[in-house]
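Below, each chain spelled out in residue letters.
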Amino acid sequence: QVQLVESGGGLAQAGDSLTLSCAASGRTFDNFAMGWFRQAPGKEREFVGAISWSSGTPMYEDSVKGRFTIARDSAKNTVYLQMNNLKPEDTAVYYCAAHEYGSSRRDLRVPSVYDYWGKGTQVTVSS
């Protein structure tokens, strides 16, 4: 059974840095894309970024490009979201998700594409 557990959330001030971790277990993830999403109260779940487990190639939502970095450590089965220069609008619950590649390419920005989800970790950024 695949399990994803996020950690590293908390309170930060604008301009601070914070790194979230997603510990993945239960499978070999060589054929997976790992995604990060966030959801603020009253808003839809929003794509933050994703990474191919095998290649390490990331992609990002425009609003975080240049500030956030996604990486994975295959030996530790862990995916990271490094967040720099945090802004109050980054405040949200952050979720880790995993998508197993199939025969056709999918849009990794879409939440429904993902097969597994963590329970989320809260990030709160004050001005």
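A short tour of the structure in this document, coming up. Worth saying up front: this structure is predicted, and the values here are computed from it rather than measured. (Residues numbered from 1 in each chain as written. Predicted model: local features only at pLDDT ≥ 70, side-chain atom pairs only at ≥ 80, totals over all residues. Heavy atoms only, no water.)

### Re the overall build of the protein chain
If you tally the helices and strands in the protein chain, you get 0 helices and 11 strands. N-terminal to C-terminal, the α/β element order of the protein chain is β-β-β-β-β-β-β-β-β-β-β. For 127 residues, the compact-globule estimate of 2.2 N^0.38 gives 14 Å, and the protein chain sits close to it at 14 Å. Across its three principal directions, the C-alpha atoms of the protein chain cover 45 × 25 × 25 Å. Taken over 127 residues, the protein chain has a buried fraction of 39%. A separation threshold of at least 6 residues defines the contact pool for the protein chain, and within that pool the share at least 24 residues apart is 57%. Carbon and sulfur atoms provide 45% of the accessible area of the protein chain, an area that totals close to 6,700 Å². (Helix = DSSP H or I, 4+ residues; strand = E, 2+ residues; numbered from the N terminus. Rg over C-alpha atoms; globule rule 2.2 N^0.38 Å. Buried < 20%, exposed > 50% of the residue type's maximum accessible area, 1.4 Å probe, protein only. Contact = heavy atoms within 4.5 Å. Areas by Shrake-Rupley, 256 points an atom, 1.4 Å probe, with all protein chains shown as cover.)

### What to know about the pairing of strand β5 (residues 46–52)
Here β5 lies mainly inside the structure; 6 of its 7 residues are buried. Judged from the 6 bridges that link them, strand β4 (residues 32–39) and β5 form a sheet pairing that is antiparallel. Counterpart to A33 in the pairing with β5 is S52. In this antiparallel pair of consecutive strands, β4 and β5, the connection spans 6 residues, and G42 shows a positive phi of 80°. The pairing of β5 with strand β6 (residues 58–60) spans 3 bridges and is antiparallel. (Pairing = 2+ DSSP bridges.)

### A closer look at the state of the cysteines
Applying the stated criterion across every chain, the model contains 1 disulfide. Between the sulfur atoms of C22 and its disulfide partner C96 the distance amounts to 2.1 Å. An S-S torsion of about -75° defines the bridge between C22 and C96 as left-handed. Highlighted residues: C22 in strand β3 (residues 18–25) and C96 in strand β9 (residues 92–100), separated in sequence by 74 residues. You'll find C22 and C96 in the same group, each marked buried. (Disulfide = S-S within 2.5 Å.)

### Thoughts on the sheet that holds β3
Taking strand neighbours across the sheet as the criterion, the 4 strands line up as β1-β3-β8-β7 in an open arrangement whose pairing is antiparallel. Strands with a single pairing partner mark the edges of an open sheet, and in this sheet they are β1 (3–7) and β7 (68–73). The mean angle between the axes of side-by-side strands here comes to 15°, regardless of whether they run parallel or antiparallel. Two strands pair when backbone bridges link them, and β1 and β3 are joined in this way by 5 bridges, in the antiparallel orientation. Counted as the bridge partner of S7 is S21 from β3. (Axes fitted to C-alpha atoms, helices over the stretch in contact; angles between N-to-C directions.)

### With respect to unusual backbone geometry
Of note in the backbone geometry, N77 takes a positive phi value of approximately 50° without being a glycine. If you trace the backbone, N77 turns up in the loop between β7 and β8 (78–83). Judged by its relative accessible area of 23%, N77 falls in the partly exposed class. Within the chain, N85 stands out as a residue other than glycine whose phi angle is a positive 50°. Among the structural elements, N85 can be located in the loop between β8 and β9.

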